[in-house]
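# Inside the fold
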Amino acid sequence: MKEFVSNILGNIRKSKFLLLSCAMVFAFSSCDKDLEVETSNAVENFEMLWKIVDENYCFFEYKKDSIKNWNEVYLEYYPRVEACRKRMDLFYIFADMLNELKDGHVNLVSAFDVSRYDVQGDSPDNYDSKIIRKSHYLGTDYRAAGGLKYKLLEDRIGYISYSDFSNSFSDDNLDYVLKYFEDTNGLIIDLRNNGGGYASLVDVFASRFARKKTLVGYWQHKTGKGHADLSEPEPLYLEPSDNISYYKKVALLTNRRCYSATNNFVQTMKALPNVMQFGDRTGGGAGMPMSSELPIGWSFRLSVSPYLDIHKKYTEFGIDPDVRVDMTDEDAANGIDTIIEAARAWIKRGDF
């Protein structure tokens, strides 16, 4: 543990009266008479969790101006942990501490709950499933290939709705979809509310839109226990597919609920010349997570390997659209999706 933290904590431990008072207040307010977790066990798990995060989390330097200093977090949460007597209360103390990282890839998992950080915040939804189900968009007469729902719109523009990278698709699925759209004027891929899933599907999907081997970003990995101990960025390339592909205009629709593998897919696709992003900034989530377990029986994960875009910029906090569009109340009242219509207008212009 860092020396200055140990010194300050030594002073805290010496103040027995203060700790006893805090413990008594906590006991009467939130704990019953049956102690469910010993103080030593709570502190042991807390210090292990804090240290693993301290030595492995990859975005400390990048987020240093937007999150609390991790040593200060230790000092803030230690008294709460030492006063805690219930396992469930301890879980939510740990969850609060992890949420200080402002990272949707950082979760604590128990038998009774999973902690999570809300990346959307107060941002608008920019998506209405009821409108999408209208007949002039996806409707009820769409086709489905694996996790992909698709339909040919009346202006010969293809529309694909993909809402979950955990809902997989095969090469055969992609062949059928892109063959169906081969004579279209352009393609819309609606990724709104797609919270991520299988990262392995990103290149499988994106490769169908690449004419040649293309630099799509970089990645780093931890090289030591220090917050700044990261490798030099290593390039990531997208190889074109040997199967049916699509090289006309492609519009990606995004909102703040596009996260993790979806963020990675948008980053990868935007390296291609025929792709434009419409809607709102993505939710981010550009760190490959690792998982570990605490002696108390709870598991957790945290980001350890960051991805960067082609300009070597982190996309942890999201990717800005090429064309910012918010859905309007007036359009919604008339069954119109403002973001889809903006993408259709771009495709109809015919230029890149």
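Owing to the predicted nature of the structure, the values given are computational and were not obtained by experimental measurement.

### Quick look at the nonpolar core
- The biggest cluster of nonpolar side chains holds 36 residues, and the ones touching the most others in it are Val53, Leu90 and Phe94.
- If we ignore the near neighbours within four places in the chain, the residues touching Leu90 are Val37, Ala42, Val81, Cys84, Ile296 and Trp298.

### Details of the packing of aromatic side chains
- With the rule as written, the count across this model stands at 30 aromatic pairs.
- Ring centres 6.3 Å apart and planes at 5° place the aromatic pair Trp50 and Trp70 in the stacked group. Of this pair, Trp50 sits in helix α3 (residues 39–56) while Trp70 sits in helix α4 (residues 70–83), and the two are 20 residues apart along the sequence.
- Given a relative accessible area of 2%, Trp70 falls into the buried group.
- The ring centre of Tyr237 lies 4.7 Å from the NZ or CZ of Lys213, which sits over that ring.
- Geometry around Trp346 places Lys249 over its ring, the cationic atom sitting 4.4 Å from the centre.

### Brief notes about the pairing of strand β5 (residues 186–190)
- By the criterion of burial, β5 is predominantly enclosed, with 5 of the 5 residues buried.
- By the bridge criterion, 5 bridges tie strand β4 (residues 157–161) to β5 in an arrangement that is parallel. Along β5, the bridge assignment pairs Ile160 with Ile189.
- Read from β4 through helix α7 (residues 171–180) to β5, the crossover connection turns out right-handed.
- By the bridge criterion, 5 bridges tie β5 to strand β8 (residues 249–254) in an arrangement that is parallel. The residue bridging Gly186 from the neighbouring strand is Lys249, located in β8.

### Some details on the confidence of the model for the protein chain
- Residues of the protein chain with pLDDT of at least 70 account for 89%, and the chain-wide mean is 90.
- Low pLDDT, under 50, characterises residues 1–34; the predicted model gives this stretch 32 contacts beyond four residues in sequence or across chains.

### Things to note about the sheet that holds strand β2 (residues 143–145)
- Reading across the sheet, the 7 strands line up as β2-β3-β4-β5-β8-β9-β12 and stay open at both edges, with mixed pairing between neighbours. At either end of the open sheet lies a strand with only one pairing partner, and these are β2 and β12 (323–324).
- The pairing of strand β9 (residues 275–279) with β12 spans 2 bridges and is parallel. The residue bridging Phe278 from the neighbouring strand is Val323, located in β12.
- Here helix α9 (residues 261–269) sits on the sheet in contact with β5, β8 and β9, set at roughly 150° to β8.
- The strands touched by helix α11 (residues 338–349) are β4, β5, β8 and β9; relative to β8, the strand with the most contacts, the crossing angle is about 165°.

### Some points on the pairing of strand β11 (residues 299–308)
- For β11, the tally of buried residues reaches 8 of 10 residues, placing the bulk of the element in the interior.
- In this structure, strand β1 (residues 107–109) lies alongside β11, joined through 3 bridges in antiparallel fashion. Residue pairing across strands places Leu108 opposite Phe300, the latter belonging to β11.
- As defined by bridge partners, strand β6 (residues 214–219) adjoins β11 across 2 bridges and the pair is classed as antiparallel. Bridging across to β11, Tyr218 finds its partner in Leu308.
- Sheet topology note: the strand β10 (residues 287–293)/β11 ladder contains 7 bridges and is antiparallel. When the sheet's bridge partners are listed, Glu293 is paired in β11 with Ser299.
- Between β10 and the antiparallel strand that follows it, β11, lie 5 residues; Gly297 among them carries a positive phi value of about 105°.

### A look at a nonpolar patch on the surface
- A cluster of nonpolar side chains, contributed by Met88, Tyr92 and Phe112, occupies part of the molecular surface with about 270 Å² of accessible area.
- Structurally, Tyr92 is set in helix α5 (residues 87–99).
- Tyr92 sits in the partly exposed class, given a relative accessible area of 34%.

Conventions and cut-offs
- Residues numbered from 1 in each chain as written.
- Predicted model: local features only at pLDDT ≥ 70, side-chain atom pairs only at ≥ 80, totals over all residues.
- Heavy atoms only, no water.
- Core = buried A, V, L, I, M, F, W, Y, C linked by side-chain atoms within 4.5 Å.
- Buried < 20%, exposed > 50% of the residue type's maximum accessible area, 1.4 Å probe, protein only.
- Contact = heavy atoms within 4.5 Å.
- Phe/Tyr/Trp six-rings, centres within 6.5 Å; stacked < 30°, edge-to-face > 60°.
- Helix = DSSP H or I, 4+ residues; strand = E, 2+ residues; numbered from the N terminus.
- Lys NZ or Arg CZ within 6 Å of the ring centre and 35° of its normal.
- Pairing = 2+ DSSP bridges.
- Right-handed = clockwise from strand over helix to strand, strands pointing away.
- pLDDT = per-residue confidence, 0-100.
- Axes fitted to C-alpha atoms, helices over the stretch in contact; angles between N-to-C directions.
- Patch = residues over 30% accessible without salt bridge, like charges linked within 9 Å, V, L, I, M, F, W, Y side chains within 5 Å.
- Areas by Shrake-Rupley, 256 points an atom, 1.4 Å probe, with all protein chains shown as cover.
- Salt bridge = Lys/Arg side-chain N within 4 Å of Asp/Glu carboxyl O.

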